[in-house]
Amino acid sequence: MSLGQELAPHLPFLRRYARALTGSQTHGDAFVRATLEAIVAKPDEFPRDVDPRLGLYKTFHAIWSTANIEEGEEPVQSATGAEGIAHARLSRITPLSRQALLLTSLEGFSSDDTGYLIDASPADVDSLVAEALEEIERQTLADVLIIEDEPIIAMDIETIVRDLGHNVTGVAVTRDEAVAQARQNPPGLVLADIQLADDSSGIDAVKDILAEFSVPVIFITAFPERLLTGTRPEPTFLITKPFQRSTVKAAIAQALFFDAATVPAA
């Protein structure tokens, strides 16, 4: 198989990464073209001691770093909705942290592989990702409704939410209570269990709420299989009990990242 054939399946993902990194389709695609031109011009210099995808991204980063464009990239004038919100928030994150966050969360590279790509140790990568998530958290403040009938778990979740700087509008223990609280104080985020106090369903509560409001939802449940059925609402964010506090924090940050109702980057 030729080098071009090895790299072809990875190009759409490199374009996605480059656009997110630069905040511009034009600039992102230009860096990808420059990367391919460099590979074609000097194929013998392509990293062959690693996976082809890693080698492709490594070459891209060499082009990116020598271009010395880290701040003030072309603004995304045409980006609207979730895409525009994401670009605005990513632009507030320092360049190296932005790279670490995108490489791990968007592209799925491990900390080791990300360290190879940006010339950092795995521990440094983890610190950079944490720094990026902290900045996102500062940009994404929301009113949060918690649907959970276990008092101790509800208190734990409420503490996590408040520690992140969000406002908890209420803790509901039944379907009817959850819907009533959502109507009284429309939430910017819902954290929901499945099995509730009166044997009602958190899934049904979320369906009722989503019928009236557009709001991101994170399910936190001991019964994840009950949500993996292919029927609505399909969970974008699903956390299994017992949960790690760090997992809940990361899910909240990501759920709010693309949501226009949270405090915008400014």
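Conventions adopted
- Residues numbered from 1 in each chain as written.
- Predicted model: local features only at pLDDT ≥ 70, side-chain atom pairs only at ≥ 80, totals over all residues.
- Heavy atoms only, no water.
- Helix = DSSP H or I, 4+ residues; strand = E, 2+ residues; numbered from the N terminus.
- Buried < 20%, exposed > 50% of the residue type's maximum accessible area, 1.4 Å probe, protein only.
- Contact = heavy atoms within 4.5 Å.
- Areas by Shrake-Rupley, 256 points an atom, 1.4 Å probe, with all protein chains shown as cover.
- Pairing = 2+ DSSP bridges.
- Right-handed = clockwise from strand over helix to strand, strands pointing away.
- Axes fitted to C-alpha atoms, helices over the stretch in contact; angles between N-to-C directions.
- Parallel < 35°, antiparallel > 145°, perpendicular 65-115°, else oblique.
- Left-handed = near helix turned anticlockwise from the far one by under 90°.
- Expected span 1.5 Å × (residues − 1).
- Salt bridge = Lys/Arg side-chain N within 4 Å of Asp/Glu carboxyl O.
- pLDDT = per-residue confidence, 0-100.
- Phe/Tyr/Trp six-rings, centres within 6.5 Å; stacked < 30°, edge-to-face > 60°.
- Lys NZ or Arg CZ within 6 Å of the ring centre and 35° of its normal.
- Core = buried A, V, L, I, M, F, W, Y, C linked by side-chain atoms within 4.5 Å.

Engineer: Describe in detail the overall build of the protein, supporting the description with residues and values.
Structural biologist: When helices and strands are tallied, the protein shows 12 helices and 5 strands. Taken across its 266 residues, the protein has 47% of its residues classed as buried. Taking all contacts inside the protein whose residues are at least 6 apart in sequence as the whole, residues at least 24 apart take part in 69%. For the protein, the accessible surface area stands at approximately 13100 Å², while carbon and sulfur atoms represent 53% of it.

Engineer: Now, about the pairing of strand 2 (residues 167-172): what can you tell me, with residues and values included?
Structural biologist: Pairing of strand 1 (residues 143-147) with strand 2, which is carried by 5 bridges, proceeds in the parallel orientation. Bridged to L145 within strand 2 is G170. Remark: the strand 1/helix 9 (residues 151-163)/strand 2 crossover connection has right-handed handedness.

Engineer: Could you give an account of the packing of helix 2 (residues 11-22) against helix 4 (residues 52-67), naming the residues involved and the relevant values?
Structural biologist: For any two helices packed against each other, the geometry comes down to the angle between their axes and how far apart the axes lie. The geometry of helix 2 relative to helix 4 is characterised by a closest axis approach of 11 Å and an angle of 30° between their N-to-C directions. Comparing the axis directions of helix 2 and helix 4 gives the class roughly parallel. Remark: the crossing between helix 2 and helix 4 carries right-handed chirality. The segment helix 2 lies against helix 4, with L11, F13, L14, Y17, A18, L21 and T22 engaging L56, Y57, F60, H61 and W64.

Engineer: Which residues make up helix 3 (residues 25-41), and what values do they have?
Structural biologist: Relative to the 24 Å expected for 17 residues at 1.5 Å per residue, helix 3 spans 24 Å between its end C-alpha atoms, a close match to the ideal helical length. Of the surrounding elements, those touching the buried residues of helix 3 are helix 1 (3-7), helix 2 and helix 4.

Engineer: Hey, could you go over the environment of R226 for me, with residue numbers and the actual values?
Structural biologist: Along the chain, R226 falls in the loop between strand 4 (217-221) and strand 5 (237-240). Considered as a pair, R226 and I194 are 32 residues apart in the sequence and their alpha carbons are 8.4 Å apart. Leave out the neighbours within four places in its chain, and R226 touches I194, Q195 and I203.

Engineer: So what about the pattern of salt bridges? Which residues, and what values?
Structural biologist: One pass over the structure, following the stated rule, counts 12 salt bridges. The shortest N-O distance in the salt bridge between E6 and R48 comes to 3.0 Å. In this pair, E6 sits in helix 1 while R48 sits in the loop between helix 3 and helix 4, placing the two residues 42 residues apart along the sequence. The shortest N-O distance in the salt bridge between R245 and D156 comes to 2.6 Å. In this pair, R245 is assigned in helix 12 (residues 245-257) and D156 in helix 9, connecting sequence segments 89 residues apart. Using a relative accessible area of 34% as the deciding quantity, one classes R245 as partly exposed. Shared partners join several salt bridges into a network, and the residues in it are R16, R53 and E107.

Engineer: How would you sum up the confidence of the model for the protein? Please name residues and give values.
Structural biologist: Confidence in the prediction of the protein, expressed as mean pLDDT, is 84, and 83% of residues score 70 or more. Low pLDDT, under 50, characterises residues 69-78; the predicted model gives this stretch 21 contacts beyond four residues in sequence or across chains.

Engineer: Could you give an account of the packing of aromatic side chains, with specific residues and numbers?
Structural biologist: What the rule picks out here adds up to 5 aromatic pairs. With 5.7 Å between their ring centres and 70° between their planes, Y17 and F60 make a pair best called edge-to-face. Taken together, the residues span a long stretch of sequence, with Y17 in helix 2 and F60 in helix 4 at a distance of 43 residues. Here Y17 and F60 have matching classes, each one buried. An aromatic cluster is defined as three or more aromatic residues linked by ring pairs; in this entry it consists of Y17, F31, Y57, F60, W64 and F109. Taking NZ or CZ as reference, K58 lies 4.8 Å from the ring centre of Y116, over its face.

Engineer: Can you tell me about unusual backbone geometry, naming the residues and giving the values?
Structural biologist: Each neighbour pair has its own omega, and for K241 with P242 the value is -5°, a cis peptide bond. Backbone geometry at D199 places phi at a positive 65°, although glycine is not the residue there. Along the chain, D199 falls in the loop between strand 3 (189-192) and helix 11 (202-212).

Engineer: Give me the lowdown on the nonpolar core, citing residues and values where you can.
Structural biologist: Note on soluble globular proteins: their nonpolar side chains tend to be buried together. Y17, Y57 and F60 are the most contacted members of the largest nonpolar core, which totals 31 residues. Of all the secondary-structure elements, those providing two or more residues to this core are helix 1, helix 2, helix 3, helix 4, helix 6 (95-106), helix 7 (111-118) and helix 8 (122-139). The element contributing the most residues to this core is helix 2, with 6 residues. Counting 20 residues, the second largest nonpolar core, distinct from the first, contains V144, L189, A251 and L256.

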